[in-house]
Amino acid sequence: MNTTLKRAVITAGLEAISVTGAGRFLPAAAGRGLVFTLHHVRPATARSYEPNALLSVTPEFLDVAISEALSRGYRPAALADLPALLENGASAERYVAFTLDDGCRDNAVHAAPVFRRHGVPYTLFVTKGLVERTHTMWWETAEALTREAAQFDFDFGGGTEHVTCATVAQKTAAFLRLAAFIETLDEDAAVARLNATALVHGVDPVAIVDREIMTADEIADLARDPLASFGAHTVSHCNLARLNPDRLDSEIARSAEALGDWTGKAPVSIAYPYGWKRACGPREREAARNAGLAIGVTTQPGVLKGAGQDDWLLLSRVSLNGLYQKRRYVAALLSGIPFRLM
């Protein structure tokens, strides 16, 4: 399914749930609550080309999402507290937890004040290599390259090709090809090839990270907020399922160790990069457990079930997606009905 059609189908589904009030007729679909995931929280832009728009919501929409959950009686909880809270299978109380991936600076600038205003706890998953500027964000590099360059040469694996990206449609197609390429080659090598091409066209991948990601000092400062918690997000933000066992263990352990150094508190949770089924599963769950972590979150959508039914090291999360920033869509997600249709 192409991205335009997929977006139309999702929008239609959310609208249908909202208009019909279907959640009133299937209350069990909501389970015991859910975990929301975000990435960037920052003011909207007016760009016509923004392939990573799904990863960015406005502070105003975050405020709306929190307000909607609270108005529906959801109790905000820190991610780490959910297992204990959900041990009581007889309780009908529903919980909502908010998580933010990658360690974006705008999380401290724009998101944290919203959480503080509502008194809502939040968990940030931080990538060690981004904080230390030893690794880059390929999706941001690919966006910047395809935005800035009208054309470029690139080897997708079959020899060097000339890529034209003068129009929005061409830029989008080029971005999607680059995203697919990252999954076909060794990820480190693929990112290095993309970075080299970006530099030729005046796009500095490390400068992007320096602009977007908090430093260790900024993380330490944010850790003073009693509402803030931190979790591991690996060293390189790689697909863990593609790694050998030693690299897998190192990515998790070194990330957790760095967070303990920066915040003064050892993390208990991890967000698996990408979070798809092809990026995390039983092997990654056991690696997280062996590293002493108790909670692992994916990006596979679903609600909390409670009463011993949740796999706390492969937990579902629901994206607060930048393409669907409406209060009624939040209500539809909270109903749990979209995940019964998947």
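The structure under discussion appears in the preceding block.
Residues numbered from 1 in each chain as written. Predicted model: local features only at pLDDT ≥ 70, side-chain atom pairs only at ≥ 80, totals over all residues. Heavy atoms only, no water.

Take the overall build of the protein next. Per the secondary structure count, the protein includes 14 helices and twelve strands. When its C-alpha atoms are laid out on the principal axes, the protein stretches across 60 × 45 × 35 Å. Looking at the protein as a whole, 51% of its 342 residues qualify as buried. Summarising the internal contacts of the protein: among those between residues at least 6 apart in sequence, 73% fall at separations of at least 24. Computed over 35 positive and 38 negative side-chain charges, the separation of the two mean positions in the protein equals 7 Å. (Helix = DSSP H or I, 4+ residues; strand = E, 2+ residues; numbered from the N terminus. Buried < 20%, exposed > 50% of the residue type's maximum accessible area, 1.4 Å probe, protein only. Contact = heavy atoms within 4.5 Å. Lys, Arg positive; Asp, Glu negative; His and termini not counted. Charge placed at Lys NZ, Arg CZ, Asp CG, Glu CD.)

A few words on the environment of Leu-54. In this structure, Leu-54 sits in the loop between strand 2 (40–41) and strand 3 (56–57). Distance in space between the C-alpha atoms of Leu-54 and His-40 is 9.4 Å, their sequence separation being 14 residues. Excluding residues within four positions of it along the chain, Leu-54 makes contact with Leu-320, Asn-321, Gly-322 and Leu-323.

Along the chain, Thr-141 falls in helix 6 (residues 138–148). Since its relative accessible area comes to 0%, Thr-141 is described here as buried. With sequence-adjacent residues up to four places away left out, Thr-141 is seen in contact with Leu-194, Asn-195, Ala-198, Val-203, Pro-205 and Ile-208.

The buried fraction of strand 5 (residues 95–102) is high, at eight of eight residues. The sheet contact formed by strand 1 (residues 33–38) and strand 5 spans six bridges and is parallel. Paired with Phe-36 across the two strands is Phe-98, which belongs to strand 5. Across two bridges, the pairing between strand 4 (residues 75–76) and strand 5 is parallel. Paired with Arg-75 across the two strands is Tyr-95, which belongs to strand 5. Bridge analysis of strand 5 against strand 6 (residues 122–126) gives five bridges, and the strand direction is parallel. The partner of Asp-102 across the bridge, within strand 6, is Val-126. The handedness of the strand 5 to strand 6 crossover, carried by helix 4 (residues 105–118), is right-handed. (Pairing = 2+ DSSP bridges. Right-handed = clockwise from strand over helix to strand, strands pointing away.)

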